[in-house]
Amino acid sequence: MAVIGITGPTGSGKTTALRVLTARGFRVVDCDRLYDRLLETDRDLRRGLEAAFGPVFLPDGALDRRALAARVFSDPAELEKLNAVVYPAVNAAVEEEITRWGEKGLAIDAINLIESGLGRRCGLTVAVTADPSVRLRRIMARDGIDEARARARIAAQKPDEFYRRHCGFTLVNQAGSQREFETLAAEFFDAVLQFYI
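Residues numbered from 1 in each chain as written. Predicted model: local features only at pLDDT ≥ 70, side-chain atom pairs only at ≥ 80, totals over all residues. Heavy atoms only, no water.

Participant: Just to check I follow, could you spell out the nonpolar core for this structure?
Facilitator: Nonpolar side chains in soluble globular proteins tend to end up buried together. One finds Leu45, Leu49, Val94 and Ile108 to be the most contacted residues of the largest nonpolar core, which totals 35 residues. At the level of secondary structure, the elements contributing two or more residues to this core comprise α2 (31-41), α3 (43-53), α4 (65-72), α5 (76-101), β3 (106-109) and α8 (160-166). Among the elements that take part in this core, α5 stands out by supplying eight residues, more than any other. The contact partners of Leu45, leaving out residues within four places of it in the chain, are Tyr35, Leu38, Leu39, Val85, Val86 and Ala89. Counting 21 residues, the second-largest nonpolar core is a separate cluster that includes Ile6, Val128, Leu171 and Ala186. (Core = buried A, V, L, I, M, F, W, Y, C linked by side-chain atoms within 4.5 Å. Buried < 20%, exposed > 50% of the residue type's maximum accessible area, 1.4 Å probe, protein only. Helix = DSSP H or I, 4+ residues; strand = E, 2+ residues; numbered from the N terminus. Contact = heavy atoms within 4.5 Å.)

Participant: Sorry if this is basic, but what is going on with the environment of Gln157 here?
Facilitator: Tracing the sequence through the fold places Gln157 in the loop between α7 (147-155) and α8. Apart from residues lying up to four places away in sequence, Gln157 is in contact with Pro9, Thr10, Ile111 and Arg135.

Participant: Quick question: what am I supposed to make of the pairing of strand β4 (residues 124-130) here?
Facilitator: Among the seven residues that make up β4, seven are buried, leaving the element largely enclosed by the rest of the structure. What you see with β4 is no split at all: Leu124, Val126, Val128 and Ala130 on one side and Thr125, Ala127 and Thr129 on the other are buried throughout. When strand β1 (residues 3-7) meets β4, the two strands line up parallel, connected through four bridges. For Gly5, the partnering residue across the bridge sits in β4 and is Thr125. Relative to strand β5 (residues 169-173), β4 runs parallel, the two sharing five bridges. Paired with Val126 across the strands is Phe169, a residue of β5. (Pairing = 2+ DSSP bridges.)

Participant: Could you clarify how one ought to interpret the sheet that holds strand β2 (residues 27-30) in this entry?
Facilitator: Strand pairs in the sheet, formed through backbone hydrogen bonds, run parallel or antiparallel to each other. The parallel open sheet is built from five strands, whose spatial order is β2-β3-β1-β4-β5. The sheet is open, and its two edges are formed by β2 and β5, each paired on a single side. Ignoring strand direction, the axes of neighbouring strands in this sheet form an average angle of 25 degrees. Packing of α2 onto the sheet brings it into contact with β2 and β3, and relative to β2 it is tilted by some 60 degrees. (Axes fitted to C-alpha atoms, helices over the stretch in contact; angles between N-to-C directions.)

Below, the structure written as structure tokens:
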């Protein structure tokens, strides 16, 4: 089975690239959504979070994301502790998806594709990048946030060089519109996949 890992910073155009792969028969596993589902269904994950951080679940059972984020994003050691709990659970769930999907292609959408080790599970890894100023405008429009918050999100992520260095291919989004980038991404994947599949 062809397993492609897609990563890159927020606002770079990963969703458009993944839509192109979906049109080519790939199933997309969104690791953020997978994590959200696991928070509801995986008792071991929930116990692991509580063992590492104490009472992090609200009375309704939902994760207190704001409190946990404030704790881990201001302390690298705490973030490392969180990742040590989350990565194995998400990776195991991705493996189940790969097994379930069978012979068809699968694309893993993961901001932490490299850090989590999921990149090693992929036959092909692609970093989708874009100029930070373009990403800034996209994030503000997409999420309805002000410039300061959008800049903070960009600053909290790895630089483009990290993704370029650790991925087999880089798809640079310099398109003037989403439709133009979709065309460029289609050309990119059609060229790459003929040697991969």
